[in-house]
Amino acid sequence: MIFGEVPVAEAVGARLAHGVRIDGLSLHKGHVVTAEDCDALAAAGVVTVIAVRLEAGDIGEDEAASLIAAAIPPDHLTFTPPATGRINLHATANGLFVANRAAIDRFNRVDPAITVATLPDHASVAAGDMVATIKIIPLAVSGELARKAAAVMATSRALEVKPFAAHRVGLVATELPTLKVSVMDKTRRLVEQRLQPSGSRLTGEARVPHRADVLAEAIHRSAVENDLVLVFGASAVTDRNDVIPAAIRAAGGVVEHVGMPVDPGNLLVLGRVGAVPVIGAPGCARSPKENGFDWILARIFAGENPGPMEITGMGVGGLLAEIPTRPQPRDLRGPEQPLSVAALVLAAGRASRMNGSHKLLAAFDGEALVRRAAEAALAAKPARVLIVTGHRADEIEAELAGLKLDIVRNPDHAQGMSTSLRAGISALGPGCDGVVVMLADMPHVTGADVRLLLDAFAAAGGNAIVRAVSGGKRGNPVVLPRATFAAIRALEGDVGARHIVESAGLDIVDVEIGEAAHIDVDTPEAVLAAGGVLKG
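Predicted model, so just to flag it, every value in this text is computed and none were measured.

What counts and how
- Residues numbered from 1 in each chain as written.
- Predicted model: local features only at pLDDT ≥ 70, side-chain atom pairs only at ≥ 80, totals over all residues.
- Heavy atoms only, no water.
- Helix = DSSP H or I, 4+ residues; strand = E, 2+ residues; numbered from the N terminus.
- Polar contact = N/O pair within 3.5 Å; in protein donor to acceptor, adjacent residues only side chain to side chain.
- Contact = heavy atoms within 4.5 Å.
- Pairing = 2+ DSSP bridges.
- Axes fitted to C-alpha atoms, helices over the stretch in contact; angles between N-to-C directions.
- Buried < 20%, exposed > 50% of the residue type's maximum accessible area, 1.4 Å probe, protein only.

Caption draft 1: Seen up close, the side chain of Thr174. If you trace the backbone, Thr174 turns up in strand 15 (residues 168-175). Side chain to side chain, Thr174 and His210 meet in a polar contact 2.7 Å long. At a separation of 2.6 Å, a polar atom in the side chain of Thr174 contacts the main-chain amide nitrogen of Ala234. Beyond its immediate stretch of four places on either side in the chain, Thr174 contacts Leu179, Met184, Val208, Pro209, His210, Leu215, Phe232, Gly233 and Ala234.

Next comes the structure, spelled out in structure tokens:
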């Protein structure tokens, strides 16, 4: 591939390395220049372009990415169509993502132009999660190098998703006077929650005194009836001869390992009675937060047989405590605990097309548009309403006086919508299952419309993206589940969440709300046409 400055007169067939926008002409990066393009460029006064020419044996970025993707065994994976040299891989089942570090390193060392990035090895994933991305960095690469990289994928299990299999699980818990029954009840509910991604079920629970002899009997009975036995002790394990390991041996089993280099999770016990794994859970497993217990469960559900070698190899990356960005199991909720969904109203924009007026201060039915949007959000009765302000924030916030909402000022609003989305999502805090994103310049979206979206989100279990449509055409607002929050925090520039909606791999539920889904007011003419009265 030859890269450099090319005279426009000689550019036919070259691929633009940098886009060209001038006098109504817009040619994007990667565009193959035609004779008509050359004429238009010359007419616009462009003399040269930065472009690449393919040499013999070169192939384009998308073709190279497709060639590599085709070499990856597709079991439990889906592949996005190639675009700008990128193909994303998503899991099709709940399971364990497994990466062969040596093979991935060999692939990435074929040539700097050819890359693959993955989730950490043995990460638990849900159906639809992105697990890896293939990216060809330049516009074209040597076909020989692309085939060499593909061969690495074809001859090794470089990456795969091992789907979870349903297990029958028995729970045995020991009792002491100091352990509250309410704590034991909550523990059982959390265990049931942890089993859900694999489709496993808790067949029963035995509660026995914290003594090795009676515990051994309970473990033996449970192992006969189940594929996995979980033991929660009323007191932490401090030695290989403590109650839980002693009981496993007394039940006719073996203790394979006591302790693990994962924090929280250090005090885990792993044993077997016959072919049935027995896990002595660490005390931290009474919490929904991720810990070493989750790692061992995931491996077993994915068909692996973790032992001392695997456990002692978990130290790198095993520091989980005090890392708030790590994904955590959702707190248990019953029917009386609905999803917690916030409303996020974006009102920080510069109104650059309003000729000095501010659209959000325009009056609709006697009140400022921004207040109208906030009241619509409140009328839907979400768990919380936040409004992001920026441009002319003092005036905007004055119009919101007396409303029960939280204001988030975005000092970076001039850098585009992504900064407001990031600011709003970052202010949500833990425990939020989703957020309905509303644009403050949509005067006809009502609280009833927003409530329809929230109800559809709840009906989908909080795991789908819900968007308003008009006549089947996508619009706003949009409800985004917690699974998308990390991607939102990574947004940059003047972009919204549309790319996330389309690439998240989640189900999308469309809710018809009529023309309100499409009517926004970006110009003075649009404000007047929508029934507004311009002010300052």
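Caption draft 2: Seen up close, the sheet that holds strand 14 (residues 159-163). Spatially, 3 strands are ordered 11-9-14 in an open sheet, and the strand pairing comes out antiparallel. Whereas interior strands pair on both sides, the edge strands pair on one side only; in this sheet they are strand 11 (123-125) and strand 14. Between one strand axis and the next, the sheet turns by 35 degrees as a mean value, whatever way the strands run. The pairing of strand 9 (residues 95-99) with strand 14 spans 5 bridges and is classified as antiparallel. Bridge assignment links Val98 to a residue of strand 14, and that residue is Glu160.

Caption draft 3: Spatial organisation of the pairing of strand 19 (residues 269-273). Burial within strand 19 is extensive, with 5 of its 5 residues counted as buried. The alternating pattern of strand 19 places Val269, Gly271 and Val273 and Leu270 and Arg272 on opposite faces, both of which are buried. In this structure, strand 18 (residues 254-258) lies alongside strand 19, joined through 4 bridges in antiparallel fashion. Bridge pairing links His257 to Leu270 in strand 19. The pairing of strand 19 with strand 20 (residues 276-281) spans 5 bridges and is antiparallel. Paired with Leu270 across the two strands is Ile279, which belongs to strand 20. Where strand 19 hands over to strand 20, the hairpin turn is made up of 2 residues, of which Gly274 adopts a positive phi near 65 degrees.

Caption draft 4: Looking closely at helix 10 (residues 369-379). Of all the 11 residues making up helix 10, 8 are buried; the element is thus mostly covered by neighbouring parts of the structure. Here helix 10 has its buried residues at Leu369, Val370, Arg371, Arg372, Ala373, Ala374, Ala376 and Ala377. Within two residues after helix 10, Lys381 carries a phi angle of roughly 60 degrees, on the positive side.

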